[in-house]
Amino acid sequence: PSVPVEGQRCGVIAIVGKPNVGKSTLMNALVGQKISITSRKAQTTRHRITGIRTLGATQFVFVDTPGFQTKHSTALNKSLNKTVMGAIGDVDLILFVVEAGNFTLADAKVLSLFKSGIPTLLVANKLDMVNRRAELAPWLKSMQERHPFAEFVPMSAKNKGDIERLFGICEKYLPEQPWWYSEDELTDRSEKFLAGETVREKLFRFTGDELPYTSTVVIDKFDEEPSKTHKRFVRVAATIVVERDGHKAMVIGEKGERLKRISTDARQELEKLLDAKVFLEVWVKVRSGWADDEARVRSFGYE
Ligand code: GDP
Ligand code: K
Ligand code: MG
């Protein structure tokens with residue numbers, strides 16, 4: 001690297017909050033590339049995902065987490081919450097993300113998990129959705145009384161200027177130490193993992209609200225094969241696992257139309273992400289009760 005080791009800064013920043021406040025959108029904007037899937041639905045993010053961005057002398061290591069689940073205590077939800085707790089245990093900075101002007105019981109539950117001593121910023125996201133900005137000042141004041149936040153950052157994860165400002169704010173909380181990753185690394189997740197997440201995102205996008213969250217994607221095959229015509233050729237086989245026959249029919253759609261859209265969109269996005277020609281096969285399988293079955297949850301790759 002061109003930056004001498006003595007001048008380098010590096011640290012971990014956890015992005016935490018209840019479902020749907022915009023954590024993954026924020027993470028992708030910070031990393032500058034989509035590595036964490038997003039959607040209108042809760043439970044889109046199911047793993048701890050590391051996103052890395054090196055700017056100047058500073059390496060920012062962001063950790064996106066599943067939204068903390070407070071409603072149902074299935075094996076899947078317990079595993080998601082464990083992931084969140086693990087992620088905030090030992091970090092340099094916490095970004096506690098809420099919707100600007102909003103603070104509910106679910107937000108309060110997440111906040112109550114934080115150990116004191118780790119500097120925490122209140123990221124009041126989705127500022128673009130706030131009509132009455134004047135009402136934000138008293139709200140921020142009430143937030144100050146709830147928790148000793150180091151700073152308030154009203155912003156929108158979809159606004160470029162806000163993202164740049166956030167880097168400036170975060171930088172000073174990171175210790176001076178050599179970088180952990182190379183300058184151009186974006187994530188610690190494998191391409192195979194990203195492939196599964198891409199299919200899962202399209203599954204969520206195209207099934208509307210009717211498909212329960214208890215569906216998942218397993219990658220059965222991820223093989224790079226030699227090719228005379230493309231610089232990279234990757235063969236991927238994925239299985240969408242659902243709970244009931246009715247859900248299976250929903251995913252497949254009339255004459256297989258929906259499954260086709262899911263596969264086509266996922267393939268196109270994967271080709272960009274992997275910079276490769278991709279051959280993608282997607283299957284649908286019924287495994288009733290998988291989200292309640294601890295062994296199954298583990299076998300599907302949840303920690
Ligand atoms: P997560 O569950 O906290 O990871 O939330 P996601 O990143 O998946 O986002 C949930 C929804 O909020 C998605 O539809 C995003 O497009 C939307 N969203 C995220 N950030 C913003 C924002 O700053 N403004 C607006 N208007 N929508 C946002
Ligand atoms: K979401
Ligand atoms: Mg998310």
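Residues numbered from 1 in each chain as written. Chains lettered and ligands numbered in written order. Predicted model: local features only at pLDDT ≥ 70, side-chain atom pairs only at ≥ 80, totals over all residues. Heavy atoms only, no water.

## Points about the nonpolar core
Here comes step 1: Counting 31 residues, the largest nonpolar core has Val16, Ile94, Phe96, Phe103, Phe114, Leu122 and Trp139 as its most contacted members.
Here comes step 2: If near-sequence neighbours (up to four positions away) are discounted, Phe96 is found in contact with Val16, Gly17, Phe103, Asp107, Val110, Leu111, Phe114, Thr120, Leu121, Leu122, Val123 and Phe149. (Core = buried A, V, L, I, M, F, W, Y, C linked by side-chain atoms within 4.5 Å. Buried < 20%, exposed > 50% of the residue type's maximum accessible area, 1.4 Å probe, protein only. Contact = heavy atoms within 4.5 Å.)

## Some details on helix H1 (residues 23-31)
Here comes step 1: Most of H1 is tucked away, with seven of its nine residues classed as buried.
Here comes step 2: Among all positions of H1, only Lys23, Ser24, Leu26, Met27, Asn28, Leu30 and Val31 are buried.
Here comes step 3: Residues of H1 that are buried in the fold lie against strand S1 (9-16), strand S2 (49-55), strand S3 (58-64), strand S4 (93-99), strand S5 (120-125) and helix H5 (160-171).
Here comes step 4: One or two residues past the end of H1 sits Gly32, with phi positive at roughly 90°. (Helix = DSSP H or I, 4+ residues; strand = E, 2+ residues; numbered from the N terminus.)

## A short note on helix H4 (residues 136-146)
Here comes step 1: Residues Leu136, Trp139, Leu140 and Met143 constitute the buried set of H4. Viewed end-on, H4 has its buried residues packed into an arc of 100°, placing them on one side of the element. Among the exposed residues of H4, those oriented more than 90 degrees off its buried face are Pro138, Lys141, Gln144 and Glu145.
Here comes step 2: Where H4 is buried, its residues contact S4, S5 and strand S6 (151-154). (Arc of directions from axis to C-beta.)

## Structural notes on the site of ligand 1
Here comes step 1: Taken together, 17 residues are adjacent to ligand 1, and Asn20, Lys23, Thr25, Asp128 and Ser156 come closest.
Here comes step 2: Asn20 is positioned with one of its backbone polar atoms (N or O) 2.8 Å from an oxygen atom of ligand 1.
Here comes step 3: Within the contact set of ligand 1, a nitrogen atom lies 2.7 Å away from a side-chain nitrogen or oxygen of Asp128.
Here comes step 4: With the chains in place, 88% of the 580 Å² that ligand 1 exposes on its own is no longer accessible.
Here comes step 5: With three residues, the top contributor of residues to the shell around ligand 1 is H1.
Here comes step 6: Tallied by class, the residues present in the shell around ligand 1 amount to four nonpolar, eight polar and five charged. (Near = heavy atom within 4 Å. Polar contact = N/O pair within 3.5 Å; in protein donor to acceptor, adjacent residues only side chain to side chain. Areas by Shrake-Rupley, 256 points an atom, 1.4 Å probe, with all protein chains shown as cover. Nonpolar A, V, L, I, M, F, W, Y, C, P; charged D, E, K, R; others polar.)

## As for a negative patch on the surface
Here comes step 1: There is a patch of like negative charges on the surface, built from Glu183, Asp184, Glu185 and Asp188.
Here comes step 2: Secondary-structure assignment places Asp188 in the loop between H5 and helix H6 (191-206). (Patch = residues over 30% accessible without salt bridge, like charges linked within 9 Å, V, L, I, M, F, W, Y side chains within 5 Å. Salt bridge = Lys/Arg side-chain N within 4 Å of Asp/Glu carboxyl O. Lys, Arg positive; Asp, Glu negative; His and termini not counted. Charge placed at Lys NZ, Arg CZ, Asp CG, Glu CD.)

## What to know about the sheet that holds strand S7 (residues 216-225)
Here comes step 1: Strand order across the open sheet formed by three strands is S7-S8-S9, with mixed pairing between neighbours. For this open sheet the edge positions go to S7 and strand S9 (277-286), each flanked by a neighbour on one side alone. Each strand of the sheet is rotated relative to its neighbour by a mean of 15°, with strand direction disregarded.
Here comes step 2: Strand direction decides the pairing type here: strand S8 (residues 233-242) and S9, joined by 10 bridges, are parallel. Looking across to S9, one finds that Ala237 is bridged to Glu281. (Pairing = 2+ DSSP bridges. Axes fitted to C-alpha atoms, helices over the stretch in contact; angles between N-to-C directions.)

## A closer look at the confidence of the model for the protein chain
For residues with low pLDDT, the predicted coordinates do not support detailed interpretation.
Here comes step 1: Looking at the protein chain, pLDDT values average 90 and 98% of them are 70 or higher.
Here comes step 2: Averaged pLDDT values for the elements of the protein chain fall to 78 in helix H2 (residues 75-88) and rise to 98 in H5. (pLDDT = per-residue confidence, 0-100.)

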